Amino acid sequence: MAAALAAGASATALPPPPLDAALALAEFEAGLDGLAENDLVDEAEVDSIIRETVLHAIGDMPWSDAKVGPWTSQVIEGILKKLAGLQKPMKYVCHVSLTQRAGAGLHAAAASRCNAKTDGSLTVHWESATVLALVTVFWLAA
(Lines give C-alpha, C1' and ligand atoms only; values in the text may rest on other atoms or scores of the structure.)
Protein backbone atom coordinates (compact mmCIF):
# COMPACT_ATOMS: atom_id res chain seq x y z
CA MET A 1 0.00 0.00 0.00
CA ALA A 2 2.85 2.39 0.81
CA ALA A 3 4.35 1.82 -2.65
CA ALA A 4 0.97 2.52 -4.27
CA LEU A 5 0.59 5.76 -2.30
CA ALA A 6 4.09 6.84 -3.21
CA ALA A 7 3.26 6.31 -6.88
CA GLY A 8 0.37 8.76 -6.63
CA ALA A 9 -2.55 6.47 -5.78
CA SER A 10 -5.01 7.73 -3.18
CA ALA A 11 -6.03 5.76 -0.09
CA THR A 12 -9.71 5.18 0.50
CA ALA A 13 -11.06 6.34 3.83
CA LEU A 14 -12.60 3.74 6.07
CA PRO A 15 -16.26 4.26 6.90
CA PRO A 16 -17.02 5.35 10.46
CA PRO A 17 -17.84 2.52 12.89
CA PRO A 18 -21.51 1.70 13.41
CA LEU A 19 -23.23 3.77 16.08
CA ASP A 20 -23.50 0.90 18.56
CA ALA A 21 -19.76 0.18 18.22
CA ALA A 22 -19.00 3.87 18.82
CA LEU A 23 -21.25 3.83 21.89
CA ALA A 24 -19.56 0.68 23.20
CA LEU A 25 -16.17 2.32 22.70
CA ALA A 26 -17.30 5.44 24.57
CA GLU A 27 -18.59 3.33 27.46
CA PHE A 28 -15.34 1.35 27.53
CA GLU A 29 -13.28 4.52 27.55
CA ALA A 30 -15.49 5.87 30.35
CA GLY A 31 -14.32 2.83 32.27
CA LEU A 32 -17.43 1.01 33.40
CA ASP A 33 -18.21 -1.09 30.31
CA GLY A 34 -21.92 -0.37 30.82
CA LEU A 35 -21.92 -1.65 34.40
CA ALA A 36 -23.85 -0.05 37.21
CA GLU A 37 -22.11 0.73 40.49
CA ASN A 38 -23.82 -2.24 42.22
CA ASP A 39 -22.44 -4.58 39.51
CA LEU A 40 -18.87 -3.92 40.65
CA VAL A 41 -17.03 -6.29 42.99
CA ASP A 42 -16.32 -5.22 46.57
CA GLU A 43 -12.78 -6.28 47.60
CA ALA A 44 -13.79 -6.55 51.27
CA GLU A 45 -16.52 -9.01 50.32
CA VAL A 46 -14.08 -11.10 48.26
CA ASP A 47 -11.59 -11.06 51.16
CA SER A 48 -14.28 -12.31 53.52
CA ILE A 49 -15.36 -15.05 51.10
CA ILE A 50 -11.77 -16.27 50.69
CA ARG A 51 -11.01 -16.31 54.43
CA GLU A 52 -14.29 -18.02 55.37
CA THR A 53 -13.87 -20.67 52.67
CA VAL A 54 -10.25 -21.48 53.57
CA LEU A 55 -11.11 -21.63 57.26
CA HIS A 56 -14.05 -23.95 56.55
CA ALA A 57 -12.00 -26.24 54.27
CA ILE A 58 -8.75 -26.43 56.26
CA GLY A 59 -9.41 -24.91 59.67
CA ASP A 60 -6.96 -26.15 62.28
CA MET A 61 -6.36 -29.52 60.62
CA PRO A 62 -2.69 -30.56 60.67
CA TRP A 63 -0.77 -30.66 57.38
CA SER A 64 -1.30 -33.85 55.42
CA ASP A 65 0.10 -34.45 51.95
CA ALA A 66 -2.91 -36.65 51.21
CA LYS A 67 -5.33 -33.79 51.97
CA VAL A 68 -3.72 -31.12 49.75
CA GLY A 69 -5.72 -32.11 46.64
CA PRO A 70 -9.10 -32.22 48.43
CA TRP A 71 -8.35 -28.99 50.33
CA THR A 72 -7.42 -27.20 47.11
CA SER A 73 -10.57 -28.42 45.36
CA GLN A 74 -12.77 -27.45 48.30
CA VAL A 75 -11.27 -23.97 48.49
CA ILE A 76 -11.51 -23.25 44.76
CA GLU A 77 -14.99 -24.70 44.34
CA GLY A 78 -16.26 -22.99 47.50
CA ILE A 79 -14.90 -19.58 46.53
CA LEU A 80 -16.20 -19.77 42.95
CA LYS A 81 -19.64 -20.92 44.15
CA LYS A 82 -19.89 -18.01 46.61
CA LEU A 83 -18.66 -15.50 44.02
CA ALA A 84 -21.20 -16.78 41.49
CA GLY A 85 -23.85 -16.36 44.21
CA LEU A 86 -23.13 -12.61 44.24
CA GLN A 87 -24.77 -12.51 40.80
CA LYS A 88 -22.37 -9.92 39.42
CA PRO A 89 -21.74 -9.79 35.65
CA MET A 90 -18.17 -11.00 36.13
CA LYS A 91 -15.91 -13.87 35.19
CA TYR A 92 -13.75 -15.21 38.00
CA VAL A 93 -10.41 -16.98 38.18
CA CYS A 94 -9.20 -18.52 41.43
CA HIS A 95 -5.67 -19.74 42.17
CA VAL A 96 -4.67 -21.54 45.37
CA SER A 97 -1.18 -22.40 46.62
CA LEU A 98 -0.83 -24.53 49.73
CA THR A 99 2.38 -25.42 51.50
CA GLN A 100 3.39 -26.87 54.80
CA ARG A 101 4.63 -24.36 57.33
CA ALA A 102 8.14 -25.56 57.96
CA GLY A 103 10.17 -22.36 58.06
CA ALA A 104 10.62 -22.02 54.30
CA GLY A 105 9.27 -19.07 52.38
CA LEU A 106 6.62 -19.07 49.69
CA HIS A 107 6.88 -16.46 46.96
CA ALA A 108 4.17 -15.85 44.40
CA ALA A 109 3.50 -13.18 41.82
CA ALA A 110 0.64 -12.40 39.49
CA ALA A 111 0.03 -9.68 36.96
CA SER A 112 -2.86 -8.64 34.79
CA ARG A 113 -3.72 -5.87 32.40
CA CYS A 114 -7.36 -5.00 32.59
CA ASN A 115 -9.84 -2.19 33.17
CA ALA A 116 -8.94 -0.89 36.62
CA LYS A 117 -12.46 0.49 37.14
CA THR A 118 -14.31 -2.80 36.64
CA ASP A 119 -11.78 -5.62 36.93
CA GLY A 120 -9.44 -6.54 39.72
CA SER A 121 -7.68 -9.12 41.82
CA LEU A 122 -7.09 -9.85 45.46
CA THR A 123 -4.53 -12.10 47.13
CA VAL A 124 -5.12 -13.37 50.66
CA HIS A 125 -2.40 -14.87 52.84
CA TRP A 126 -3.86 -17.35 55.36
CA GLU A 127 -2.01 -19.42 57.95
CA SER A 128 -2.73 -22.07 60.51
CA ALA A 129 -0.21 -23.79 62.77
CA THR A 130 0.90 -26.13 59.95
CA VAL A 131 -0.57 -24.79 56.69
CA LEU A 132 0.22 -21.69 54.64
CA ALA A 133 -2.23 -20.71 51.90
CA LEU A 134 -2.02 -18.02 49.25
CA VAL A 135 -5.30 -17.52 47.43
CA THR A 136 -5.65 -15.14 44.49
CA VAL A 137 -8.98 -14.27 42.89
CA PHE A 138 -9.24 -12.30 39.63
CA TRP A 139 -12.52 -10.82 38.40
CA LEU A 140 -13.20 -9.46 34.94
CA ALA A 141 -16.30 -7.79 33.58
CA ALA A 142 -18.17 -10.34 31.45
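Residues numbered from 1 in each chain as written. Predicted model: local features only at pLDDT ≥ 70, side-chain atom pairs only at ≥ 80, totals over all residues. Heavy atoms only, no water.

For the chain, an unreviewed UniProt entry supplies the name Dynein light chain Tctex-type and the organism Micractinium conductrix.

A.B. asks: What exactly am I supposed to notice about the packing of aromatic side chains here?
C.D. replies: A full pass over the atoms with the stated rule returns 1 aromatic pair. Each ring, one from Trp63 and one from Trp71, has its centre 6.2 Å from the other, and the planes form 65°; the classification is edge-to-face. Assigned by exposure class, Trp63 and Trp71 land together as buried. (Phe/Tyr/Trp six-rings, centres within 6.5 Å; stacked < 30°, edge-to-face > 60°. Buried < 20%, exposed > 50% of the residue type's maximum accessible area, 1.4 Å probe, protein only.)

A.B. asks: What exactly am I supposed to notice about the environment of Asp39 here?
C.D. replies: Of note, Asp39 is situated in the loop between helix 2 (19–30) and helix 3 (43–57). Residue classification places Asp39 among the partly exposed positions, given a relative accessible area of 22%. Considering only alpha carbons, one finds Asp39 and Gln87, 48 residues apart in sequence, at a separation of 8.4 Å. With near-sequence residues (within four places) excluded, Asp39 lies in contact with Lys88, Pro89 and Met90. (Helix = DSSP H or I, 4+ residues; strand = E, 2+ residues; numbered from the N terminus. Contact = heavy atoms within 4.5 Å.)

A.B. asks: I'm lost on the side chain of Thr118 in this one. Help?
C.D. replies: Positionally, Thr118 belongs in the loop between strand 1 (90–100) and strand 2 (120–127). A distance of 3.0 Å separates polar atoms of two side chains, one belonging to Thr118 and the other to Asp119. (Polar contact = N/O pair within 3.5 Å; in protein donor to acceptor, adjacent residues only side chain to side chain.)

A.B. asks: Would you mind showing me how to read the pattern of salt bridges here?
C.D. replies: Close approach of charged atoms lets side chains of opposite charge pair. Scanning all chains against the criterion turns up 2 salt bridges. The salt bridge involving Arg51 is made with Asp47; its shortest N-O contact spans 2.9 Å. With a gap of 4 residues between them, Arg51 and Asp47 both fall in helix 3, about one helical turn apart. Overall, the relative accessible area of 36% leaves Arg51 in the partly exposed class. Residues Arg101 and Glu127 are paired through a salt bridge, measuring 3.1 Å at the closest nitrogen-oxygen approach. Placement of Arg101 in the loop between strand 1 and strand 2 and of Glu127 in strand 2 is noted, with a sequence separation of 26 residues between them. Under the relative-accessibility criterion, Arg101 is labelled partly exposed at 41%. (Salt bridge = Lys/Arg side-chain N within 4 Å of Asp/Glu carboxyl O.)

A.B. asks: I would appreciate a short explanation of the nonpolar core in the present structure.
C.D. replies: One finds Ile50, Ile79, Val135 and Val137 to be the most contacted residues of the largest nonpolar core, which totals 27 residues. When residues of this core are traced back to their parent elements, those giving at least two are helix 3, helix 4 (68–85), strand 1, strand 2 and strand 3 (131–141). If we ignore the near neighbours within four places in the chain, the residues touching Val135 are Ile50, Val54, Val75, Ile79, Cys94, His95, Val96, Leu122, Thr123 and Val124. (Core = buried A, V, L, I, M, F, W, Y, C linked by side-chain atoms within 4.5 Å.)

A.B. asks: Looking at this structure, how should I read the sheet that holds strand 1?
C.D. replies: The strands making up a sheet associate through hydrogen bonds between their backbones, and the pairing can be parallel or antiparallel. Overall, antiparallel pairing links the 3 strands, which are arranged 1-3-2 in an open sheet. Since the sheet does not close on itself, it has two edges, and those belong to strand 1 and strand 2, each with one partner. Averaged over all pairs of adjacent strands, the angle between strand axes in this sheet comes to 10°, irrespective of strand direction. As paired elements, strand 1 and strand 3 share 11 bridges and run antiparallel to each other. Along strand 3, the bridge assignment pairs Tyr92 with Trp139. Most of the contacts of helix 3 go to strand 2, to which it runs at about 35°, and overall it touches strand 2 and strand 3. Relative to strand 1, helix 4 is tilted by about 155°, and along the sheet it contacts strand 1 and strand 3. (Pairing = 2+ DSSP bridges. Axes fitted to C-alpha atoms, helices over the stretch in contact; angles between N-to-C directions.)

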